[in-house]
Amino acid sequence: MNVAINPQNVAAGPTLAGKLSLVTGSTSGIGLGIARALAAAGSDIVLNGFGKPDDVAQAQAKIAADFKVRVSYSSADMSKPQDIREMIENTLQSSGRLDILVNNAGIQHVAALQDFPPEKWDAILAINLSSAFHTTRLALPSMLKNKWGRIINIASAHALVGSPFKSAYVAAKHGILGLTKVTALETAESGITCNAICPGYVYTPLVEAHGIPREQVIRDVLLAQQPNKRFAAVEELGALVVFLASAAAASITGAALPVDGGWTAH
C-alpha cells in the first residue's frame, strides 16, 4: 500500500512549536543538551534534576533567552514516586499538556556482584528504571486523550550488552528497553511512540570532572569499546531526540537506537 506523505509534516524549522517537553535529569550533561535541542525546535521545556539553585536558574534562563520558549523547573527526586507524581500533576495543571517525555535521569555505581551494596542496587533500579515507569504511567492519560505523544528513554549500550562490575546499571538499562517495547505495543494505535536511545560513551564535563586526562580516557576506556574511536557528542543525542519527537518519526516505535560508534555491532 502506498501512503501519501504531506511535506508539511516533515518540514524543517520549529517542528515542535506548541509542544511541551519534560526531560528528567536535565540540569546538566546529556539531559541539559537534550532540553536545549528540544527548545531549539520550538518546544516549551520542563527541566528536572539536582544542582545549585543559581546554576539551575541560569540554565533555565539561558534556554528561555536563547530559544524564546517557556521553561519551568521541577526539583522532583526521581527515586521517590510521590515526587514524580507531583511533578507530572503540576506540569499538567500549569500547562494543560505533556507532549514529549524524555526519561534521562540516571546514576551509576561500579562493584563486583559479591561486593555490590544492596542500597546502591535499590537506588540505581529506582532512578534508572522505576522512575521511567512512574513518569510514563502518569503521562500516558494526557497523551492518550490528545492522541499524540512521544516517550523517549535514554538507555545505554548497556541495554544491549553487558559489562562486568555494573550489575545494577546493566539490569536497569535492559529493563528500560523492555519497558520501551511494552509501551510502544500498548500505544501503537494511539498516535504515541516510545523509543530508546542507546548511547555509548558520551563526552560531557563529567568525563573531565574525574581529573582523568582526555587522552587516557580515550585510550583506556573508550577505544576498547567504540570502533569509531570517538565520543558521541551531546548534540548528536539532542538531534536524535528531536527527530524521534517529530512527525517524520511517526512510524518509529519500540526501537532501540544505538549511538555507540559500532560498540554493539561486535
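Quick caveat: nothing in here was measured; it's all calculated off a predicted structure.

## Thoughts on the environment of Leu244
Thought 1: Among the structural elements, Leu244 can be located in helix α8 (residues 234-245).
Thought 2: Under the relative-accessibility criterion, Leu244 is labelled buried at 0%.
Thought 3: When near neighbours in sequence (up to four residues on either side) are disregarded, Leu244 contacts Arg150, Ile152, Thr193, Asn195, Ile197, Ala249, Ile252 and Leu257.

## Some details on the packing of helix α1 (residues 29-40) against helix α2 (residues 53-67)
Thought 1: It is the contact of α1 with α2, at a shortest axis distance of 9 Å, that shows an interaxial angle of 25°. Relative to α2, the element α1 is oriented roughly parallel. Viewed along their axes, α1 and α2 form a crossing whose handedness is right-handed. Contacts between α1 and α2 involve Leu32, Ala35, Arg36, Ala39 and Ala40 on the former and, on the latter, Ala59, Lys62, Ile63, Asp66 and Phe67.
Thought 2: Split into classes, the residues belonging to the contact of α1 with α2 amount to 7 nonpolar, no polar and 3 charged.

## Regarding helix α5 (residues 167-186)
Thought 1: The first and last C-alpha atoms of α5 sit 29 Å apart over 20 residues, in line with the 28 Å expected at 1.5 Å per residue.
Thought 2: Turning to α5, its buried residues are Ser167, Ala168, Tyr169, Val170, Ala172, Lys173, Ile176, Leu177, Leu179, Thr180, Thr183 and Ala184.
Thought 3: Turning to α5, the residues buried within the fold contact α4 (118-146), β5 (149-154), β6 (192-199) and β9 (256-259).

## Description of the sheet that holds β6
Thought 1: If you trace the 7 strands from one edge of the open sheet to the other, you get β3-β2-β1-β4-β5-β6-β9, paired in parallel fashion. Looking at strand neighbours, the two that pair on one side only are β3 (71-74) and β9, the edges of this open sheet. Here the strands of the sheet are splayed against their neighbours by 20° on average, with no regard to which way each runs.
Thought 2: Summarising the sheet, strand β1 (residues 20-23) and strand β4 (residues 100-103) pair through 3 bridges and their orientation is parallel. Paired with Val23 across the strands is Val102, a residue of β4.
Thought 3: Against the sheet, helix α3 (residues 81-95) contacts β1, β2 (44-48) and β3, and its axis sits at roughly 160° relative to β1.
Thought 4: This element, α5, spans β5, β6 and β9 of the sheet and lies at about 160° to β6.

The rules behind these values
- Residues numbered from 1 in each chain as written.
- Predicted model: local features only at pLDDT ≥ 70, side-chain atom pairs only at ≥ 80, totals over all residues.
- Heavy atoms only, no water.
- Helix = DSSP H or I, 4+ residues; strand = E, 2+ residues; numbered from the N terminus.
- Buried < 20%, exposed > 50% of the residue type's maximum accessible area, 1.4 Å probe, protein only.
- Contact = heavy atoms within 4.5 Å.
- Axes fitted to C-alpha atoms, helices over the stretch in contact; angles between N-to-C directions.
- Parallel < 35°, antiparallel > 145°, perpendicular 65-115°, else oblique.
- Left-handed = near helix turned anticlockwise from the far one by under 90°.
- Nonpolar A, V, L, I, M, F, W, Y, C, P; charged D, E, K, R; others polar.
- Expected span 1.5 Å × (residues − 1).
- Pairing = 2+ DSSP bridges.

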